[in-house]
Amino acid sequence: MPLLIRKIKKRKWDKPEVSPGAADPPVPAEPVGDFCTDNNEISVWLIEEDKANLARVVTALSGAKTTNISHFDYAIFDSQIVLDLSLELKTTTGESPDDEANGKWHRDIVVGTADNLCALVKNIYNTCAKERVPATDIRSNLRKAIGSGQITAERLTDQLRKDLSV
Amino acid sequence: MSVSADTTLRHGGTPQFWPESNSPTDLESSKRWFLEANKASLFLDAWTLPSRGFKHQVEITPISPHEISITTNISPLVSAFEYGKPFSVSLFSVPGLIPPEKVEWTSRIISRPENVWMVSEPPSATRQTQDTVPDAALENIVLSARGIRFEDGMENDFSRRLVHFVSAYGDRAVNSLNKAILDRKISPEIASEALTWLARVKDPRTYESRLRLLIKALLSPSSQVRDGASLGLALLDDPAAIPWTHLAVQLERNKELREDMAKVLSQLESRR
């Protein structure tokens, strides 16, 4: 089953440690803030099961609309979660500086209602893996992507280009 | 060094260091009282680098049942931080930044209702910040953060103002931020955002004070603030922060944050 990723603020997703056998702690409200809707839809990116496109998508996202090199936090979760909630996962064009990634891997989850959104975030919170790519890696990955032509430097913000010295 | 005190609630919810009827009257008796306390709730810990061979001195003087004074040659006395119970205060030296042998700091820890503890500013720090203009400017900047949804790596009105503030006021701005962040006058989210942008300021004049603030914030009670400090240190990429990042990793109770801090530590160590 393919996976999906979404940029998050990792610290808001920390789980309190629970003793073995204890019930799962309630899901905090903060993670909902990382799932802003646009027209009742959530933007996510499809990651192949073997994660072959993960680094490329993360690099593309880290250069999208950003003004400075920064770490990149994301949640990665099974796309089955979306199907289990009977939500539509539709292919749309992404807005990253990597056109190929935009066409191949961008998806929108049609959540429709606040109830669906909360159920989605709750399931993601309970099952996802959270990762952080350090700023040093983001810098070198963006430079490599520009060098290989995956990302066009002109699609980055002026400040980011200056920060990258490209 | 580690001492402890009973900080159970008494007298209408104000925590005490010792019972009024049994107040120690001198340094030795206060130390004895601390060490004999059954409900260890206050810990004072001094962190210095063993390799520096620096001998730390910490003097605790009772002032009232609700107040103690600490004089130390470890600089500076950092803000109080709490992990529920026990309440904990850490003192640490910053090698290479302040020659600790030449500095003596005196601060007072004062109890407040609701089990809140305050650490007063060291007098030398107070002298540096007598000009309250930066404090007022910072308040306005913090107000401008309201309603902003912070996105990693994305400039916003708050970050632009903050960078300008530090460039304009220099160390006085960093001192104001120091007070606001370590005394928890601003929310953890704003503090964390401020710490990462502080690392991006291109101003060599304030480099040391910014580095020092980032190091101190590693011991904040808020995981968001500790994370912001760690991310800021990763951006500065200065191996001088290695000992303190190492210490922060050791002390970190949040497993996920500990792993993130360990990555920052690896990055800094690879720069040596």
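For the structure itself, look to the data block above.
Quick caveat: nothing in here was measured; it's all calculated off a predicted structure.

A. Fine view of the overall build of chain A. From N to C terminus, chain A includes 6 helices and 6 strands. Starting at the N terminus and walking to the C terminus, you meet the elements of chain A as β-β-α-β-α-β-α-β-α-β-α-α. Over its C-alpha atoms chain A spans a radius of gyration of 17 Å, differing by no more than 12% from the 15 Å that the globule rule assigns to 166 residues. With respect to the three principal axes, the spread of C-alpha positions in chain A is 50 × 35 × 30 Å. Each of the 166 residues in chain A was classed as buried or not, and the buried ones make up 47%. Only carbon and sulfur atoms are counted for the fraction: they give 49% of the accessible area of chain A, which is about 7900 Å². Positive and negative side-chain charges of chain A, numbering 22 and 25 respectively, have mean locations separated by a distance of 6 Å.

B. Highlighting the interface of chain B and chain A. Taken together, the 24 residues of chain B in the interface contact 26 residues of chain A. Of the roughly 2100 Å² buried where chain B meets chain A, counting both sides, 41% is carbon and sulfur surface. Broken down residue by residue, the surface that chain B buries against chain A is led by Arg 149, Asp 152 and Glu 256 of chain B, which jointly contribute 28%. At the junction of chain B and chain A, the tally comes to 11 salt bridges. In this structure, Asp 152 of chain B engages Lys 9 of chain A in a salt bridge whose closest nitrogen and oxygen atoms are separated by 2.9 Å. Elements with a contribution of two residues or more to the side of chain B that touches chain A: α6 (188–198), α8 (223–236) and α10 (255–270) of chain B.

C. Spotlight on the sheet that holds strand β2 (residues 41–47) of chain A. All names here are of chain A. Judged by pairing direction, the sheet is antiparallel, and its 6 strands sit side by side in the order β4-β5-β2-β1-β3-β6 without closing on themselves. Since the sheet does not close on itself, it has two edges, and those belong to β4 (88–91) and β6 (129–133), each with one partner. Averaged over neighbouring strand pairs, the angle between their axes works out to 35° when direction is ignored. Bridge count between strand β1 (residues 3–7) and β2: 3 bridges; the pairing is antiparallel. Pairing of Leu 3 across the sheet is with Ile 47, part of β2.

D. Here's a closer look at the nonpolar core. With 47 residues, the main nonpolar core has Leu 177, Ile 181 and Leu 195 of chain B as its most contacted residues. Going through the elements one at a time, α3 (133–144), α4 (157–169), α5 (171–182), α6, α7 (207–217), α8, α9 (242–251) and α10 of chain B are the ones with two or more residues in this core. For Ile 181 of chain B, the contacting residues outside a window of four places in its chain are Ile 186, Ala 191, Ala 194, Leu 195, Leu 213 and Val 225 of chain B. Of all hydrophobic cores here, the second largest spans 26 residues; its members include Trp 45, Ile 47, Phe 72 and Leu 164 of chain A.

E. Structural detail: the layout of surface pockets. Computed from the structure, the largest pocket encloses a volume of approximately 810 Å³. Taken together, 30 residues make up the lining of the largest pocket; nearest its centre are Arg 6, Ser 43, Leu 61, Lys 65 and His 106 of chain A. Of all elements in the fold, only β1, β2 and β5 (106–110) of chain A reach the threshold of two or more residues within the lining of the largest pocket. By residue number, the principal contributor to the lining of the largest pocket is β2 of chain A, which donates 5 residues. In terms of residue class, the lining of the largest pocket is built from 11 nonpolar, 7 polar and 12 charged. Taken together, 22 residues line the second largest pocket, and the ones lying closest to its centre are Asn 68, Arg 139 and Asp 163 of chain A together with Arg 200 and Lys 202 of chain B. For the lining of the second largest pocket, the secondary structure elements donating two or more residues are α5 (135–147) and α6 (158–164) of chain A together with α4 and α8 of chain B. Among the residues forming the lining of the second largest pocket, the class breakdown is 9 nonpolar, 5 polar and 8 charged.

F. Spatial organisation of the packing of aromatic side chains. Evaluated as defined, the whole model comprises 5 aromatic pairs over all chains. An angle of 35° between the planes, with centres 6.1 Å apart, marks the rings of Trp 13 of chain A and Tyr 125 of chain A as tilted. Note that Trp 13 of chain A is positioned in the loop between β1 and β2 and Tyr 125 of chain A in helix α4 (residues 114–127), a separation of 112 residues in sequence. Pairing Phe 150 of chain B with Phe 158 of chain B gives two aromatic rings, centres 5.7 Å apart and planes at 55°, and the pair type is tilted. Here the basic side chain of Arg 6 of chain A rests over the ring of Phe 35 of chain A, its NZ or CZ set 5.4 Å away from the ring centre. Positioned over the ring face of Trp 197 of chain B is Arg 200 of chain B, at 4.4 Å from the centre of the ring.

G. Region of the structure containing the environment of Ile 81 of chain A. All names here are of chain A. Examined against the element boundaries, Ile 81 turns out to sit in helix α2 (residues 80–84). Looking at Ile 81, the relative accessible area reads 9%, which means it is buried. On a C-alpha basis, the gap between Ile 81 and Leu 3 in space is 9.7 Å, while along the polypeptide they are 78 residues apart. When near neighbours in sequence (up to four residues on either side) are disregarded, Ile 81 contacts Leu 120, Asn 123, Ile 124 and Thr 127.

H. Up close: the side chain of Asp 227 of chain B. Topologically, Asp 227 of chain B is positioned in helix α8. Judged by its relative accessible area of 5%, Asp 227 of chain B falls in the buried class. Filtering out sequence-adjacent residues up to four positions away, Asp 227 of chain B remains in contact with Arg 11 and Arg 132 of chain A together with Leu 257 of chain B.

Parameters and conventions
Residues numbered from 1 in each chain as written. Chains lettered and ligands numbered in written order. Predicted model: local features only at pLDDT ≥ 70, side-chain atom pairs only at ≥ 80, totals over all residues. Heavy atoms only, no water. Helix = DSSP H or I, 4+ residues; strand = E, 2+ residues; numbered from the N terminus. Rg over C-alpha atoms; globule rule 2.2 N^0.38 Å. Buried < 20%, exposed > 50% of the residue type's maximum accessible area, 1.4 Å probe, protein only. Areas by Shrake-Rupley, 256 points an atom, 1.4 Å probe, with all protein chains shown as cover. Lys, Arg positive; Asp, Glu negative; His and termini not counted. Charge placed at Lys NZ, Arg CZ, Asp CG, Glu CD. Contact = heavy atoms within 4.5 Å. Buried area = accessible area lost by both parts, 1.4 Å probe. Salt bridge = Lys/Arg side-chain N within 4 Å of Asp/Glu carboxyl O. Pairing = 2+ DSSP bridges. Axes fitted to C-alpha atoms, helices over the stretch in contact; angles between N-to-C directions. Core = buried A, V, L, I, M, F, W, Y, C linked by side-chain atoms within 4.5 Å. 1 Å grid on protein atoms, 1.4 Å probe; cavity = no way out; pocket = protein on both sides within 12 Å on 5 of 7 lines; lining within 4 Å. Points joined across faces, edges and corners; volume = space filled by probe spheres on them. Nonpolar A, V, L, I, M, F, W, Y, C, P; charged D, E, K, R; others polar. Phe/Tyr/Trp six-rings, centres within 6.5 Å; stacked < 30°, edge-to-face > 60°. Lys NZ or Arg CZ within 6 Å of the ring centre and 35° of its normal.

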